[in-house]
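Each chain, letter by letter, is given below.
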Amino acid sequence: MKPGDSQSVENLFNDLAPSYDLFNDLLSFGLHRVWKRQLLTWMQPIAGENWLDVCCGTGDLALSLARFVRPGGTVLGIDSAAKTLEIAKKRAKKKPWLPLSWMQGDALDTGLPDNHFDGAVMAFGLRNIVNPIDGLKELHRILKPDARAGILDFNPLIKNSLQGRFQTFYLRQVVVPLAAQAGFRDHYSYLEESLRVFPQGSTQESLALEAGFKKACHRTLAAGQMGALLIHN
Ligand SMILES: C[S@@+](CC[C@H](N)C(=O)[O-])C[C@H]1O[C@@H](n2cnc3c(N)ncnc32)[C@H](O)[C@@H]1O
C-alpha cells in the first residue's frame, strides 16, 4: 500500500480497528499515552471550550481531552474509518458524563462551519492524510481566530543519523515482525512508507504558516523519535 491513497488508508484502519488499541500499547510500550498527555499539557484545554480530535481513530485522545473541557465544553471526534468510530463510541458509552460526539468525515473536507472551534488535536493522523497542507488549511478554516492546535506524530528523521537508524531498526525489526504475527505485516510496513514522505518538523512549521496559522513550533518527544507541531491562529 502506498501513502496518498485515501480509500486504501480508510480500508487499512477499518481492518486494523479491532486490534488497533492493543497494538498501540504493545508497539509503543504504552508510551503513546504519555505523548498524548504531553500534547494536552501543551494545549491547555479549559472548561467550556469546544475542541476537535481530527483523525480520532478509536477515540483515545478525545476521551482524555473531554475531561478538561467540562463543564460546558464539547469534544468532537472525526475520522474517515467507520470501524474505528464504532470502537470510539463504545468506549465513550462507558463514560456518559464526558461531552463527546463523533462524526465520520474527511479531515480534508469536514463540512464543519468556519471559525467554530477553540482548539484541535490530531495524533498520528497528518501523516496519513493525502495532502498535509490541505489538512492544515481545513483546520485553520474551522478554528476560531485565537484558537490553537497540536499535531502529534512520528518525527521523520534523517535516515543515516543515529536516531534515524534507530527509528528504521525499530520499525523494521520490532514493529513489522510483531504486527506480522497477527497478520498485519502490510498494514505496519505502510508506517515506514508514510514516514518517508512525511515532512520534517521545520517543513511542517512552514506548511502551517502557509495554511494561514500565525505561529507554528515543532517540538520533539521520546528522544527525538516523536514530534508535535504546535500551532496558533
Ligand atoms: C494512526 S491512526 C490514529 C488514531 C488516533 N488518533 C490515535 O492516536 O490513536 C490514524 C487515523 O486517521 C484516520 N484518517 C486517515 N486519513 C483520514 C482523513 N483524510 N480524514 C479523517 N480521518 C483520517 C484513520 O482512519 C485512522 O483512524
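Thresholds, definitions, all that
Residues numbered from 1 in each chain as written. Predicted model: local features only at pLDDT ≥ 70, side-chain atom pairs only at ≥ 80, totals over all residues. Near = placed C-beta within 6 Å. Helix = DSSP H or I, 4+ residues; strand = E, 2+ residues; numbered from the N terminus. Nonpolar A, V, L, I, M, F, W, Y, C, P; charged D, E, K, R; others polar. Pairing = 2+ DSSP bridges. Axes fitted to C-alpha atoms, helices over the stretch in contact; angles between N-to-C directions. Contact = placed C-beta atoms within 7 Å. Core = buried A, V, L, I, M, F, W, Y, C linked by C-beta atoms within 7 Å. Buried ≥ 20, exposed ≤ 12 C-beta atoms within 10 Å, placed from the backbone. Expected span 1.5 Å × (residues − 1). Arc of directions from axis to C-beta. Parallel < 35°, antiparallel > 145°, perpendicular 65-115°, else oblique. Left-handed = near helix turned anticlockwise from the far one by under 90°.

Novice: I keep staring at the site of the ligand and nothing clicks. Help me out?
Specialist: Surveying the vicinity of the ligand reveals 22 residues, the closest of which are Phe13, Cys55, Gly57, Ala81 and Ala123. For the shell around the ligand, the secondary structure elements donating two or more residues are α1 (6-27) and α3 (60-69). Across the shell around the ligand, the residue classes break down as eleven nonpolar, seven polar and four charged.

Novice: Explain the sheet that holds strand β6 (residues 215-221) to me, please; I cannot follow it from the model alone.
Specialist: To summarise the sheet geometry, strands pair through backbone hydrogen bonds and adopt either a parallel or an antiparallel arrangement. The strand order across the open sheet formed by seven strands is β3-β2-β1-β4-β5-β7-β6, and the pairing between neighbours is mixed. Each of the sheet's edge strands pairs with one partner strand only, and the pair in question is β3 (100-104) and β6. With strand direction ignored, the average angle separating the axes of adjacent strands in the sheet is 15°. On the sheet, helix α5 (residues 132-142) packs against β1 (50-54), β4 (117-123) and β5 (143-154) and is oriented at approximately 145° with respect to β5.

Novice: Could you clarify how one ought to interpret the nonpolar core in this entry?
Specialist: Inside soluble globular proteins, nonpolar side chains tend to come together where they are buried. Residues Val54, Ala62, Ala120 and Val121 are the most contacted members of the largest nonpolar core, which totals 56 residues. Counting residues per element, this core draws most heavily on α3, which supplies six residues. Apart from residues lying up to four places away in sequence, Ala120 is in contact with Trp51, Leu52, Val54, Leu139, Leu143 and Ala149.

Novice: Is there a simple way to think about the environment of Leu191 in this case?
Specialist: Examined against the element boundaries, Leu191 turns out to sit in helix α7 (residues 185-196). Sequence-wise, Leu191 and Val69 are 122 residues apart; in three dimensions their C-alpha atoms are separated by 32 Å. With residues near it in sequence (within four places) discarded, Leu191 still touches Leu171 and Val175.

Novice: What am I meant to see in helix α2 (residues 31-43) here?
Specialist: Since there are 3.6 residues in each turn of an α-helix, residues three or four apart along the chain are aligned in direction. Between the first and last C-alpha of α2 there are 19 Å, a value that for 13 residues agrees with the 18 Å anticipated at 1.5 Å per step. If you check which residues of α2 are buried, you get His32, Lys36, Leu39 and Met43. Looking straight down α2, one finds its buried side chains confined to an arc of 55°; they lie on one side. For α2, the exposed residues set more than 90 degrees away from the buried face come down to Arg37 and Thr41. Packing partners of the buried residues in α2 comprise α1, α3, β4, β5 and β7 (226-232). Just beyond α2, the residue with positive phi is Gln44, at close to 50°.

Novice: Got a minute to help me understand the environment of Phe184 in this structure?
Specialist: Checked against the element boundaries, Phe184 lands in the loop between α6 (162-181) and α7. Classification of Phe184 as buried rests on a count of 20 C-beta atoms within 10 Å. Between the alpha carbons of Phe184 and Phe29 there is a distance of 18 Å; along the sequence they are 155 residues apart. Not counting chain neighbours up to four residues away, the residues in contact with Phe184 comprise Leu16 and Ala179.

Novice: How should I be thinking about helix α4 (residues 82-93) in this particular structure?
Specialist: With twelve residues, α4 ought to run about 16 Å at 1.5 Å a step, and its terminal C-alpha atoms sit 17 Å apart, in line with that. Within α4, burial applies to Thr84, Leu85, Ala88 and Ala92. Taken down its axis, α4 places every buried residue within 95° of arc, on the same side. Those residues of α4 that are exposed and aimed more than 90 degrees away from the buried face are Ala82, Lys90 and Lys93.

Novice: Sorry if this is basic, but what is going on with the packing of α6 against α7 here?
Specialist: How two helices pack is summed up by the angle between their axes together with the distance between the axes. At a minimum axis separation of 7 Å, α6 and α7 run at an interaxial angle of 155°. In terms of axis orientation, α6 runs roughly antiparallel to α7. Note that α6 runs across α7; the crossing there is right-handed. Contact residues: Leu171, Val175, Val176, Ala179 and Ala180 in α6; Arg185, His187, Tyr188, Ser189, Leu191 and Glu192 in α7. When the residues that make up the contact of α6 with α7 are grouped by side-chain class, the tally is seven nonpolar, two polar and two charged.

By themselves, these figures tell us nothing about what the structure is for.
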